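Remarks on the overall topology
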Amino acid sequence: MGNHLFHNIGKLSLFILKRDRIRILIWIIGIVFFTLIVPPALAELYPTQQDRDAFAITMENPAMVAMAGQADTSHYTIGVMTAHEMLLFTALVVGLMSILLVNRHTRSDEEDGRVEMLRSLPVGRLSNMNASLLVLTITNIVLAFVTAIGLFALGIESMDLQGSLLYGALLGGTGIFFAALTAVFAQISENARGTFGFSIAFLLLLYLVRAIGDVSNEALSWISPLGWVTKAQVYGENNWWLLLLLIVVSFILMVVANYLYAIRDLGSGLIRAKSGRKYASWFLQSPAGLALRLMRNGIIGWAIGMFVLGASYGSVMGDLDSFFSGSEMLSQMVLDAEGEFSVIEQFIPMLMVVIAITATISPVLSMLKLYGEEKKNHIEHLIVRAVSRPKLMVTFLIISFVNAFIMLSLAAIGFWSAGAASVEGGLDFGMIYTAAIAHFPAIVCMISIAALLVGFLPRFSSFVWLYVFYSFIVLYLGGLFHFPDWVGKLSPFGYISQLPIEDVNIVAEIVLLVLSIAIMIIAVVTYNKRDIQG
Amino acid sequence: MAVVQTKNITKRFGAFTALDGVNMELNEGEIYGFIGPNGAGKSTTIRILLGMLKASAGEAQIFGKDVWKDAVEIHKRLAYVPGDVNLWPNLTGGEVIDLFVKLQGGTKNSRREELIERFDLDPSKKCRTYSKGNRQKVALIAAFASEADLYILDEPTSGLDPLMENVFQQCVNEVKAEGKTVLLSSHILSEVEKLCDRVGIIRQGRIIETGTLDELRHLTRTKLVIETKQPVPNIHEFAGIHGISGENRRWSFQVDTEKLDDVMKYISSYGITKLESAPPTLEDLFMRHYEGNDPSGGRRNG
Ligand SMILES: Nc1ncnc2c1ncn2[C@@H]1O[C@H](COP(=O)(O)OP(=O)(O)O)[C@@H](O)[C@H]1O
Ligand SMILES: [Mg+2]
């Protein structure tokens with residue numbers, strides 16, 4: 001019976017490979033490149049074991065464990081260091097790749113009617129989905145080997161063949177896991193947006209479960225496959241059986257996806273759409289109402305995510321405090337000369353940068369939605385009615401600002417409420433909130449750049465993500481790599497002062513806002529002048 | 001006063017010239033058929049009229065206002081139905097109709113319910129589940145439920161079934177009866193013939209013919225099939241007869257409409273026993289312009 005279900009799966013796989021060869025190549029090259037530049041840089045920056053041990057101690061505190069996971073800091077070789085700093089983070093990127101590619105070939109293709117076309121040909125009922133999974137599995141295996149060989153070929157002493165193979169295999173394994181997971185969600189949700197939303201939310205959830213588990217409850221970490229990635233102790237114990245676990249779970253997910261795919265109708269999901277409203281509510285009857293309605297689920301999802309992110313950082317504050325107060329030597333290492341600020345206060349700026357850049361994603365998505373809607377021929381329905389283009393763009397700008405404000409505020413509230421509960425003597429809400437909201441002008445700046453691209457170079461509007469990514473890299477890894485100052489200053493986030501250990505730089509904040517307003521004016525003017533595509 | 005007027009509008013996409021000096025005039029209260037093959041430039045012209053695209057050269061006015069600068073003012077009195085109706089997959093048809101009417105500046109009215117009933121649409125379904133025809137119905141209902149003075153319809157019936165096409169034609173006739181102006185782009189010629197007062201034919205970005213249907217019929221030919229008692233001599237050479245086929249006493253051919261009288265007089269002197277005639281259709285005109293475009297030789301009908 002298998003034959004009629006999987007008929008022509010080979011040809012379909014080749015077809016998918018043909019459609020996506022450039023896309024897949026770029027992902028693989030990007031991920032491998034990113035992985036391979038790190039160990040030599042670390043070897044140069046931390047040449048002696050003494051340097052590395054000193055660095056290892058700063059990585060042992062709960063805030064860092066929450067972010068990067070646990071590691072064997074007693075044997076902190078370049079290999080262990082690379083795995084600790086990069087493996088989990090890269091695994092998230094590989095997961096994202098799998099989610100995007102699988103969704104593209106399962107739900108997206110189904111929603112756009114392409115699967116229907118294929119199904120009318122002599123193609124097995126389960127062929128399309130399994131062809132996508134096959135392509136993704138091969139992609140991830142290739143990625144695993146290229147990464148492994150590349151790492152080993154760097155010739156760094158502590159990075160042996162076995163460790164390098166496991167490193168690559170864990171990346172590939174994570175990719176296969178998320179491919180299978182997305183395939184399951186593609187059966188449950190009725191549309192591509194939902195599939196992407198569920199999959200990404202699950203990815204973040206697994207990350208957070210691991211973070212909380214690593215800091216406070218060992219058992220919790222074992223639930224999350226992302227926890228397994230760090231527990232494999234690459235370049236140390238090399239626990240291969242965790243890779244095996246990852247593969248087994250992926251296989252089970254694939255079987256589940258196949259079962260669900262086999263029992264449902266084409267075009268439907270397991271979660272059925274209910275019949276909707278016959279009339280529009282008063283809320284929907286304006287461009288702003290429409291825009292908010294379209295973004296509603298995304299914004300709610302991000303809002304919950306930001307609160308949880310803030311809360312999970314906040315919840316480690318108590319541990320952080322006791323961790324440092326337990327050791328005289330440690331506190332001397334991190335504390336400033338005058339002892340003016342507490343350990344917590346010194347860690348807040350770094351955590352806030354991560355929070356702020358994460359909080360940038362949702363508002364930038366809101367802004368780019370203006371162009372996304374245009375490409376779908378939806379904007380024409382608005383501007384052929386009594387809605388002017390400036391009004392439309394300003395509506396999206398305002399929504400993005402409010403969005404940014406909400407994201408920052410919720411993260412700060414989450415941080416404070418969890419932090420106040422865990423730290424002896426509580427936390428000052430004003431201090432936390434100011435440290436978060438100080439980043440607002442930098443986010444506004446990012447939004448205005450997104451708007452400018454929508455107005456001026458719409459086809460390249462997603463390039464704003466490169467800038468967001470750049471900001472994240474230079475500010476998150478800046479300390480690790482000792483980048484020169486100007487590298488950080490190329491990002492608007494580089495101008496925000498490190499609250500609470502520095503004072504607010506009002507001038508910088510105002511300059512950023514004024515600059516943003518200028519950019520926004522150009523954005524509106526250019527948007528008003530160009531052809532609407534469709 | 002002309003409701004829509006364009007003067008030499010030209011639109012270039014990079015090196016490609018999509019419109020090359022389009023002149024068009026719609027008078028108040030008339031239904032103007034805008035016909036042409038795929039890719040001729042109908043939608044591009046309409047998108048310029050709607051202020052979505054900026055003309056590379058030339059001027060276009062609606063209600064005497066500039067289509068680019070005064071777009072919002074114009075749009076308050078205009079209703080548009082695109083050829084490809086793409087809607088928000090997670091909104092229902094009813095929500096979209098309300099939104100559209102509201103954005104156009106209209107108010108809720110009884111026509112909405114009446115139109116939903118006539119077009120037989122289920123407004124509680126999400127747009128994701130609608131077929132092309134149903135999405136078109138949503139746009140048509142929103143357009144006819146709004147109180148516009150000008151209706152711009154770009155191939156609005158390409159997904160409708162014959163029953164719904166009929167409803168559509170009734171709706172167009174109703175707005176015409178109210179003295180509204182309609183620009184109907186189409187390649188369904190029977191529809192244009194039924195509805196339009198005047199037509200403009202566009203091809204490769206140029207208007208190649210424009211006028212009332214009667215005027216254009218002058219350029220068309222009537223198809224005749226005849227049988228006579230006696231053979232008709234020299235029928236091949238008779239002026240105004242084209243595309244002749246048959247033999248001896250049975251012929252089928254086309255006649256220039258203005259030569260019809262002469263031809264009939266000549267043939268009837270040989271004793272007509274059978275006569276079938278088919279009226280000139282826009283289709284003939286259309287084909288004459290789009291095919292070889294050879295004015296002397298007619299098409300052969302088998
Ligand atoms: N944005 C665009 N860029 C390049 N070419 C375009 C664009 N829009 C339309 N065209 C071209 O202009 C011509 C006219 O298109 P269109 O107005 O859509 O034709 P119609 O509606 O009569 O079928 C076509 O050849 C089409 O390919
Ligand atoms: Mg068209």
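The structure we're discussing is the one just above.
Below is a summary of the structure that appears in this document. None of these values were measured; they are calculated from a predicted model.

Counting its regular elements, chain A contains 24 helices and zero strands. Against the globule reference of 24 Å for 534 residues, chain A gives a C-alpha radius of gyration of 24 Å, in line with a compact fold. Taken over the C-alpha atoms alone, chain A extends approximately 70 × 60 × 40 Å along its principal axes. A fraction of 78% describes how many contacts in chain A between residues 6 or more apart in sequence connect residues 24 or more apart. Roughly 22,700 Å² of accessible area belongs to chain A as shown, and the carbon and sulfur atoms make up 69% of that amount. Separation of charge centres in chain A, based on 31 positive and 36 negative side chains, amounts to 24 Å.

A word on the site of ligand 1. All names here are of chain B. Surrounding ligand 1, one finds F13, F16, A18, P37, N38, G39, A40, G41, K42, S43 and T44. A distance of 3.2 Å separates an oxygen atom of ligand 1 from a polar backbone atom of A40. Measuring from an oxygen atom of ligand 1, one finds a side-chain N or O atom of S43 at 2.7 Å. In isolation ligand 1 offers 560 Å² of accessible surface; the protein chains occlude 59% of this area. Secondary-structure elements contributing two or more residues to the shell around ligand 1 are strand 2 (16-27) and helix 1 (42-49). By residue number, the principal contributor to the shell around ligand 1 is helix 1, which donates three residues. Classifying every residue of the shell around ligand 1 gives five nonpolar, five polar and one charged.

Here we take up a nonpolar patch on the surface. Residue and element names in this part refer to chain A. A cluster of nonpolar residues, I141, F145, I149, F152, L161, L165 and W240, forms a patch on the protein surface that exposes about 650 Å² of accessible area. At the level of elements, helix 7 (127-153) and helix 8 (161-188) are the ones that each hand at least two residues to the nonpolar patch. Counting residues per element, the nonpolar patch draws most heavily on helix 7, at four residues. Relative to the helices and strands, L165 resides in helix 8. Using a relative accessible area of 31% as the deciding quantity, one classes L165 as partly exposed.

Another point: the pairing of strand 2 of chain B. Residue and element names in this part refer to chain B. In this sheet, strand 2 lies alongside strand 1 (residues 2-13) in antiparallel orientation, the contact comprising nine bridges. When the bridges of strand 2 are listed, T6 appears paired with M24. Counting the residues between successive antiparallel strands, the hairpin from strand 1 to strand 2 contains two residues, one of them, G14, with a positive phi of roughly 65 degrees.

Before going further, it helps to spend a moment on the packing of helix 3 (residues 93-103) of chain B against helix 5 (residues 132-145) of chain B. Residues and elements named next belong to chain B. Contact pair helix 3 / helix 5: the axes reach a minimum separation of 9 Å and the direction vectors enclose 35 degrees. Relative to helix 5, the crossing made by helix 3 is right-handed. Contacts between helix 3 and helix 5 involve G93, V96, I97, F100 and V101 from the first element and V138, I141, A142 and A145 from the second. For the contact of helix 3 with helix 5, a count of residues per class yields eight nonpolar, one polar and no charged.

Moving on: the pattern of salt bridges. Two side chains that carry opposite charge are able to pair once their charged atoms sit near each other. Residues and elements named next belong to chain B. One pass over the structure, following the stated rule, counts 29 salt bridges over all chains. Between K76 and E73 there is a salt bridge, with its nearest N and O atoms 3.1 Å apart. Overall, K76 belongs to the partly exposed group, its relative accessible area being 42%. By relative accessible area, which is 40% here, E73 ends up partly exposed. For E113, the salt bridge identified is with R112, shortest N-O distance 3.0 Å. For E113, a relative accessible area of 36% puts it in the partly exposed group.

This part covers helix 5 (residues 78-111) of chain A. All names here are of chain A. For helix 5, with 34 residues, the first-to-last C-alpha span of 47 Å sits near the 50 Å given by 1.5 Å per residue. The largest bend in helix 5 comes to about 40 degrees, at R104. Where burial is concerned, most of helix 5 is hidden: 29 out of the 34 residues are buried. Positive backbone phi, approximately 85 degrees, marks G113, located one or two places after helix 5.

So, about the sheet that holds strand 6 (residues 78-81) of chain B. Remark on secondary structure: sheet strands pair via backbone hydrogen bonds, oriented parallel or antiparallel. Residues and elements named next belong to chain B. Read from one edge to the other, the open sheet built from six strands follows the order 6-7-8-3-9-10, with strand pairing classed as mixed. Of all strands in the sheet, those bounded by a partner on one side alone are strand 6 and strand 10 (206-212). For this sheet, the mean angle separating the axes of adjacent strands, direction not counted, is 15 degrees. Examined bridge by bridge, strand 3 (residues 31-35) and strand 8 (residues 181-186) share five bridges and lie parallel to one another. Across the sheet, I35 pairs through a bridge with S186, a residue of strand 8.

What follows concerns the side chain of B:T44. Structurally, B:T44 can be placed in helix 1. Exposure remark for B:T44: the relative accessible area of 14% places this residue in the buried category.

All right, on to the environment of B:D84 then. Mapped onto the elements of the fold, B:D84 is located in the loop between strand 6 and helix 3. Along the chain, B:D84 and B:I244 lie 160 residues apart, while their C-alpha atoms are 42 Å from each other. In this structure, B:D84 is in contact with A:E380 and B:K132, ignoring residues within four places of it in sequence.

Here the focus is the packing of aromatic side chains. Under the criterion given, the structure shown has 20 aromatic pairs over all chains. A centroid spacing of 6.4 Å and a plane angle of 55 degrees characterise the contact between A:F34 and A:F89, whose relative ring orientation is tilted. Of this pair, A:F34 sits in helix 2 (residues 9-45) while A:F89 is found in helix 5, placing the two residues 55 residues apart along the sequence. For A:F89, a relative accessible area of 17% puts it in the buried group. Taken together, the aromatic side chains of A:F34, A:F89, A:F469 and A:F472 make up a single cluster linked through ring pairs. When the ring centre of A:W222 is taken as origin, the NZ or CZ atom of A:K231, which lies over that ring, is 5.3 Å away. Sitting over the ring of B:F63, B:R77 keeps its end group 3.8 Å from the ring centre.

In this section: the interface of chain B and chain A. Interface size is often expressed as the accessible area that is lost when the parts come together. Chain B puts 40 residues into the contact, and the matching count from chain A is 38 residues. Taking both sides of the interface into account, the surface hidden between chain B and chain A amounts to around 3,400 Å²; carbon and sulfur atoms contribute 56%. The interface formed by chain B and chain A holds three salt bridges in total. Of the charged contacts in the structure, one is a salt bridge between B:E95 and A:R293, with a shortest N-O distance of 3.0 Å. Take the side of chain B that touches chain A: its biggest share by element is seven residues, from helix 3 of chain B. For the side of chain B that touches chain A, the per-class residue count stands at 19 nonpolar, eight polar and 13 charged.

Criteria and thresholds
Note that residues are indexed from 1 along each chain, following the sequence as it is written. Each chain gets a letter, beginning with A, and each ligand a number, beginning with 1, in the order they are written. Where local features are concerned, this predicted model is filtered to residues with pLDDT of at least 70; where side-chain atom pairs are given and counted, the filter is 80 or more; whole-chain, interface and lining totals use all residues. Based on all heavy atoms of the structure, the side-chain values leave hydrogens and waters out of the count. Under the scheme used here, helices are H or I runs from DSSP no shorter than 4 residues and strands are E runs no shorter than 2 residues, and both carry numbers assigned from the N terminus. C-alpha atoms define the radius of gyration, and 2.2 Å times the number of residues to the power 0.38 defines the globule rule. Here a residue-residue contact requires only that any non-hydrogen atoms of the pair lie within 4.5 Å. The protein chains shown are the only cover counted for residues, whose accessible areas, like all others here, come from Shrake-Rupley with a 1.4 Å probe. Only four residue types enter the charge count: Lys and Arg as positive, Asp and Glu as negative, with His and the chain ends excluded. The atom standing in for a charge is NZ when the residue is Lys, CZ when it is Arg, CG when it is Asp and CD when it is Glu. Consider each residue's heavy atoms; a residue with any of them within 4 Å of a molecule or strand counts as near. Pairs of N or O atoms are called polar contacts if they sit within 3.5 Å, as long as, within protein, a hydrogen donor faces a hydrogen acceptor (for residues adjacent in sequence, only side-chain-to-side-chain pairs). Each residue is assigned to one class: nonpolar for Ala, Val, Leu, Ile, Met, Phe, Trp, Tyr, Cys and Pro, charged for Asp, Glu, Lys and Arg, and polar for all the others, Gly among them. Two joining distances apply to patches: 9 Å for like charges and 5 Å for nonpolar side chains (Val, Leu, Ile, Met, Phe, Trp, Tyr), and every residue must have over 30% relative accessible area and no salt bridge. What makes a salt bridge here is a side-chain nitrogen of Lys or Arg within 4 Å of a carboxyl oxygen of Asp or Glu, nothing more. A 1.4 Å probe rolled over the protein chains alone gives each residue an accessible area, and that area as a share of the maximum for its type sets the label: buried under 20%, exposed over 50%, partly exposed in between. Strands are treated as partners if at least two bridges between them are detected by DSSP. Lines fitted to the C-alpha atoms define the axes, with helices restricted to the stretch that makes contact. Angles between their N-to-C directions range from 0 to 180 degrees. Crossings are assigned a handedness: left-handed for a near helix turned anticlockwise from the far helix by less than a right angle, right-handed for a clockwise turn. Multiplying 1.5 Å by the residue count of a helix minus one yields the expected span of that helix. Bend angle per residue: angle between axes fitted to the 7 residues ending at that residue and the 7 residues starting there. Ring geometry is summarised as follows: Phe, Tyr and Trp rings, the Trp one being its six-membered ring, pair when their centres sit within 6.5 Å, and such pairs are stacked at plane angles under 30 degrees, edge-to-face over 60 and tilted between the two. Note on criteria: charge over ring means Lys NZ or Arg CZ within 6 Å of the ring centre, with the direction from the centre no more than 35 degrees off the ring normal. Reported buried area values correspond to the accessible surface (1.4 Å probe) lost by two parts on association, with both partners' losses combined.

The quantities given are spatial measurements derived from coordinates; they are silent on function.
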